[in-house]
Amino acid sequence: MATVKKSKKMKIIIPICIVLVIAVAAGSIFAVSQKNKTPVVSLTTIGTDNIVESVSATGTVSSSTSREYSAATIANCKEVFVKVGDKVKKGDKLATFSTEELDAQINSLQTTYSDSAKAYNNAVKSQKEAANKLRGVNKRISALEKEEKRLEKAASKGSSSNPSLNAALKSNKSLAADPVIPGLPTAGSDAIEEAVKALTDLATTINELAEDIETTNEITRTVMQTIADELATGQYSADAIATAVGKAISESIQEGLIDETKLLIESGVLVDTIEAAVKNVEWDEIGEAFASNDNVQLTSVQLQLAALYAEKEIFSVGADKSVVNAQKQVMNTTRSALDTLRKSQKELQAGWVASVDGVVTECTVEEGQQTSALQTGIKIENLGELSVVISLGEYDIHKVALGMPATIKSAYGTYSGEIVSIAPTATGKSSNSLLDSVGSMAGISGLSSLTDSGAGVECVVKIFEPDDNIIAGFEASVDIKTGSYSDVPTVPIESIVLEKEGTYVYKYNEEDETVTKTLIETGATSDTAYEIKSGISIGDKIVSTPASDYEEETFKVRVN
């Protein structure tokens, strides 16, 4: 038997061939795999189309003409003449009421209002009187300050006034806080503090004794002049000074310098009151201080200024309008409540009468029962005149205007209509206004109106020729035509990619079989397309429906 001997070359070639076969197979598998990873896309060519732009929203159908009857307070219902579903004519009687309890409430509130009005009037009077007295005091202060300057210039060197008190008084600081009587040395300041306190008390007392500023000024001048004269003669007895002051006031009253008819108390009582106030001062303790001042006239003027500065602070408080404003607010609030009750009383006494033709859609009042101020008693609606109330967000409201045509769709019919009312302000929260922004870019309007918390402007859309198929209380969709554009470049909505940074499409490059994410500017929108303003042109090809998982800006594709 012959034996075949294998050569070493054959042993080497066989493994090499196996390796090559495996490599070719692996390459083929890899090529197929890579081919399968390339996205397969369908393309759309940009062309022109017509766009009808519109705003859509959902609202509630309601009567265009309705009237609600409710009691602003609690009353007893005597008779009810209608029920839900009844048709009524203008002038038909609806219900009657008994108002005994309401009458008692009104009488009580009337008393409260009268008291608040009286308090307000008194506050106004007091404020005006204080303001008038303040003007008079300021005028008197101005005159005395001029006189003080004249006397200071004429005074000798040793009798010049003390400037520290003048500065304190003219800055309206408290007269009892470290006071110094003008024209006197600073020694013995405790005694002088007592004098200033006494002058402040005198100013307050005099202010309470007369009803006009002229009388107050004359009493003040007489008192201060007499005190200065007595002290200048060396008379420091409190009794003697008080007697001299009382005598001077009595003489001024007799001579007509002080008008007795302007006093709030009898003249004898006035003299006694002022004498008692003067006696409270220990004048002998400050006599030496006054005696050291040889300019009695200057001292008299500065004493009067001290009292007038005290009066100024008193009248400044009274002239403030804060109290008047507070009393006025109380009075107006009470008056408003009284007017509301009286209006309700008048309506209830007359009974409720239909003011429009229509159908009774609500009736919560019952004979023999009390009305509730928290709910509607009877509601009448004219169901022959219907409208839809919708809410539009901030990205849609600027597109609509009064008179724009609208299409209304209910479950059983389609109707035409128009916008007849647009509210001047938005209501509700604005947290979902972003929905309208996104919806506007997507050609979907009124998204925020579909939520509970979206802010919106209320619009009323009148329905032309409503029939029995559209029912008040049910919802209806509204489509408002806001614009029409013919033969404009358009891109299908499904080809759009909406992102926070802008609006994109994937543009196709035939030469290298790639697509690139491309930013575009859009204009008008419809339910199916966008108007193209820039970014792509007529004839360009784009991906018809881009996938949501594209990771690269530019990549190869296979066209389906």
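How each quantity is defined
- Residues numbered from 1 in each chain as written.
- Predicted model: local features only at pLDDT ≥ 70, side-chain atom pairs only at ≥ 80, totals over all residues.
- Heavy atoms only, no water.
- Helix = DSSP H or I, 4+ residues; strand = E, 2+ residues; numbered from the N terminus.
- Buried < 20%, exposed > 50% of the residue type's maximum accessible area, 1.4 Å probe, protein only.
- Phe/Tyr/Trp six-rings, centres within 6.5 Å; stacked < 30°, edge-to-face > 60°.
- Lys NZ or Arg CZ within 6 Å of the ring centre and 35° of its normal.
- Core = buried A, V, L, I, M, F, W, Y, C linked by side-chain atoms within 4.5 Å.
- Contact = heavy atoms within 4.5 Å.
- Pairing = 2+ DSSP bridges.
- pLDDT = per-residue confidence, 0-100.
- Salt bridge = Lys/Arg side-chain N within 4 Å of Asp/Glu carboxyl O.
- Axes fitted to C-alpha atoms, helices over the stretch in contact; angles between N-to-C directions.
- Parallel < 35°, antiparallel > 145°, perpendicular 65-115°, else oblique.
- Left-handed = near helix turned anticlockwise from the far one by under 90°.
- Nonpolar A, V, L, I, M, F, W, Y, C, P; charged D, E, K, R; others polar.
- Patch = residues over 30% accessible without salt bridge, like charges linked within 9 Å, V, L, I, M, F, W, Y side chains within 5 Å.
- Areas by Shrake-Rupley, 256 points an atom, 1.4 Å probe, with all protein chains shown as cover.
- Lys, Arg positive; Asp, Glu negative; His and termini not counted.
- Charge placed at Lys NZ, Arg CZ, Asp CG, Glu CD.

1. Here's the deal with the overall build of the chain
A count of helices and strands for the chain gives 11 helices and 20 strands. Here the chain holds 560 residues, and 40% of them are scored as buried.

2. Let's talk about the packing of aromatic side chains
Summed over the entire model, instances satisfying the criterion amount to 5 aromatic pairs. Look at Tyr 69 and Trp 352: their rings are 6.0 Å apart centre to centre, the planes differ by 35°, and that puts the pair in the tilted class. Note that Tyr 69 is positioned in strand β3 (residues 47-69) and Trp 352 in strand β7 (residues 352-353), a separation of 283 residues in sequence. Of the two residues, Tyr 69 and Trp 352, both sit in the buried class. Its end group placed over the ring of Tyr 69, Arg 67 keeps NZ or CZ at 4.3 Å from the ring centre. Taking NZ or CZ as reference, Lys 517 lies 4.6 Å from the ring centre of Tyr 504, over its face.

3. Some words on the environment of Pro 424
On the secondary structure map, Pro 424 appears in strand β11 (residues 413-427). Along the chain, Pro 424 and Cys 459 lie 35 residues apart, while their C-alpha atoms are 9.8 Å from each other.

4. A closer look at the nonpolar core
Tyr 69, Val 88, Leu 94, Leu 348, Trp 352, Ile 378 and Ile 380 are the most contacted members of the largest nonpolar core, which totals 30 residues. When contributions to this core are tallied by element, the ones reaching two or more residues are β4 (76-80), β6 (93-98), α2 (100-154), α10 (322-350) and β9 (378-392). Among the elements that make up this core, the one with the highest residue count is α2 (8 residues). For Leu 94, the contacting residues outside a window of four places in its chain are Tyr 69, Glu 79, Val 80, Phe 81, Val 82, Val 88, Trp 352, Val 353, Ala 354, Ile 378 and Ile 380. If you look at the next biggest cluster of nonpolar residues, it comprises 26 residues, including Met 224, Ile 241, Val 245 and Ile 274.

5. Here we look at the sheet that holds β6
Strand order in the open sheet formed by 3 strands is β4-β6-β7, and the pairing between neighbours is antiparallel. Looking at which strands have only one partner, the edges of the open sheet turn out to be β4 and β7. Relative to β7, β6 runs antiparallel, the two sharing 2 bridges. When the sheet's bridge partners are listed, Ala 95 is paired in β7 with Trp 352.

6. Details of the pairing of strand β10 (residues 405-410)
Across the two faces of β10 the burial differs, with Ala 406, Ile 408 and Ser 410 buried and Pro 405, Thr 407 and Lys 409 not buried at all. In this sheet, β11 lies alongside β10 in antiparallel orientation, the contact comprising 6 bridges. By the bridge assignment for β11, Thr 407 is matched with Ser 416. Here β10 folds back onto β11, and the loop between the two strands holds 2 residues.

7. Digging into the confidence of the model for the chain
For the chain, mean pLDDT is 78; residues scoring 70 or higher make up 77% of the total. Throughout residues 1-6 the model reports pLDDT below 50, and contacts reaching past four residues in sequence, or to other chains, amount to 1 contact.

8. Remarks on the pattern of salt bridges
Summed over all chains, the structure comprises 9 salt bridges. Its salt-bridge partner being Lys 83, residue Asp 86 comes within 3.3 Å of it at the nearest N-O pair. Salt-bridge contacts for Lys 541 lead to Glu 510; the nearest nitrogen and oxygen are separated by 3.7 Å. Residue Lys 541 is located in strand β18 (residues 541-543), and its partner Glu 510 is located in the loop between β15 (502-509) and β16 (514-525); the two are separated by 31 residues in the primary sequence. On the basis of relative accessibility, which here comes to 56%, the residue Glu 510 falls in the exposed class.

9. Details of the packing of helix α5 (residues 213-232) against helix α6 (residues 238-255)
The packing of two helices is summarised by the inter-axis angle and the distance between the axes. Where α5 meets α6, the axes come as close as 9 Å, and the angle between the chain directions of the two elements is 140°. When the axes of α5 and α6 are compared, the pair comes out oblique. The handedness of the crossing between α5 and α6 is right-handed. Here Thr 222, Val 223, Thr 226, Ile 227, Glu 230 and Leu 231 of α5 lie close against α6, whose contacting residues are Ile 241, Ala 244, Val 245, Ala 248, Ile 249 and Ser 252. A breakdown of the residues in the contact of α5 with α6 according to their chemical character gives 8 nonpolar, 3 polar and 1 charged.

10. Topic: a negative patch on the surface
On the surface, Glu 129, Glu 211, Asp 259, Glu 260 and Glu 266 cluster together into a patch of negative charge. The residue Glu 129 is located in helix α2 in this model. On the basis of relative accessible area, Glu 129 is assigned to the partly exposed category, the value being 32%.

11. Notes on the environment of Val 52
Position of Val 52 among the secondary structure elements: in strand β3. With relative accessibility at 43%, the residue Val 52 sits in the partly exposed group. Val 52 sits 472 residues away from Ala 524 along the chain, and the two C-alpha atoms are 8.2 Å apart.

12. Considerations on the environment of Lys 90
Here Lys 90 shows up in the loop between β5 (87-88) and β6. Overall, Lys 90 belongs to the exposed group, its relative accessible area being 63%.

13. A short note on the side chain of Ser 252
Structurally, Ser 252 can be placed in helix α6. When near neighbours in sequence (up to four residues on either side) are disregarded, Ser 252 contacts Thr 222, Leu 257 and Ile 258.

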